[in-house]
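# Structural features, examined
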Amino acid sequence: MTPYPLTWLYVPGDRPPVVTKALAAGADVVVIDLEDAVAPDRKEYARAATAELLSEPHLDVHVRVNALDSPWAADDLRTIAPLPGVSGLRLPKVTSAEEVVAVAEQTDGVPLFALLETALGIERAFSVATAHPALHGIALGEADLRADLGVREDPGLDWSRSRVIVAASAAGLAPPPQSVHPDIRDLEGLAASCAHGRALGFLGRAAIHPRQLPVIESAFLPTNREIEQAETIVKAAIREEGAQALPDGRFIDAAVVAAAQRTLALARRT
């Protein structure tokens, strides 16, 4: 996977021409969706079309399979997991560590990513995040969670967002990407929402249209000022070890230096 992926572009699995366009759109990860974006009567076609497309190796293509308790999940896993073009499986509506373990035992080391979309999933976030070495990340599914919690206003999800971010960090996983912004025309709203998500600790975001990609990338990449500040901190740390104060009065210690190094790595995407 691209180091520090920032854009995760979802595309319906039952529309192969759209998937092909998505692969050329410049997203860090393309997620072929067999679940929410595909009607029940097209599930088998979507699976077969995805299997044909991913019969050859691709870079950074994930597949979101159907919910593990659905009639289609077993066939999804059996068909999709062995394909050479799959670099990750996204598991929707995960509510327990046991579900992750069961999938890991069937999929022979394919990187797994759990989507937490219910109150129970959020409550068990850390247990899910530490379920199995094959689990490479967790993320929030906000549309289903809103319905489950009865949340109408966006701030009502902030506790759940922070819960997932903290659980990922505590488990040693990468910061999760933010959930989708559903209005593909509202780029100003997307930018403002990304700024809020970045402040909470998300890294990158899921998208449902290529026009959202540059807005997301710009929102989550360090600014020039942030890069300059990080370079100053790292240079100061090289000169002197331990806690110290910069000429402008800012106090720095090992944690501040580590954060500055992460900023520079993200700027370089290495």
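Our subject is the structure listed above.
What you see is a predicted model; the values in this text were computed from it and never measured.

The description of an aromatic ring pair rests on the distance of the ring centres and on the angle between the ring planes. Counting across every chain of the model gives one aromatic pair. Seen from their ring centres, Trp8 and Phe113 are 6.2 Å apart, and the 65° between their planes marks the pair as edge-to-face. With Trp8 in strand S1 (residues 7-12) and Phe113 in strand S5 (residues 112-116), this residue pair connects regions lying 105 residues apart in the sequence. The pair formed by Trp8 and Phe113 is uniform in burial state, with each residue classed as buried.

Between its terminal C-alpha atoms helix H8 (residues 158-170) stretches 18 Å, which fits the 18 Å expected from 13 residues at 1.5 Å a residue. Among the residues of H8, Asp158, Ser160, Arg161, Val164, Ile165, Ala167 and Ala168 are the ones counted as buried. The secondary structure elements touched by the buried residues of H8 are S5, helix H5 (119-123), helix H6 (125-129), strand S6 (135-140), helix H7 (142-149) and helix H9 (187-200). Just downstream of H8 lies Gly172, where phi reads positive at about 80°.

Bringing helix H4 (residues 97-107) into the picture now. Within the span of H4, buried status applies to Ala97, Val100, Val103, Ala104 and Thr107. The buried residues of H4 occupy an angular sector of 130° when the element is viewed end-on, so they sit on one face. In H4, the exposed residues that point more than 90 degrees away from the buried face are Glu98, Glu105 and Gln106. Tucked into the core, H4 has its buried residues touching helix H3 (73-80), strand S4 (88-91), S5, H6 and S6.

Ordered by their spatial adjacency, seven strands build an open sheet running S6-S5-S4-S3-S2-S1-S7, and the pairing between neighbours is parallel. With one partner strand each, in any of the chains shown, S6 and strand S7 (205-207) form the two edges of the open sheet. Looking at each pair of strands side by side, their axes are set apart by 25° on average, direction ignored. Of the strands in this sheet, S4, S5 and S6 touch H4, which is tilted by about 155° from S5.

Quick notes on the rules
- Residues numbered from 1 in each chain as written.
- Predicted model: local features only at pLDDT ≥ 70, side-chain atom pairs only at ≥ 80, totals over all residues.
- Heavy atoms only, no water.
- Phe/Tyr/Trp six-rings, centres within 6.5 Å; stacked < 30°, edge-to-face > 60°.
- Helix = DSSP H or I, 4+ residues; strand = E, 2+ residues; numbered from the N terminus.
- Buried < 20%, exposed > 50% of the residue type's maximum accessible area, 1.4 Å probe, protein only.
- Expected span 1.5 Å × (residues − 1).
- Contact = heavy atoms within 4.5 Å.
- Arc of directions from axis to C-beta.
- Pairing = 2+ DSSP bridges.
- Axes fitted to C-alpha atoms, helices over the stretch in contact; angles between N-to-C directions.

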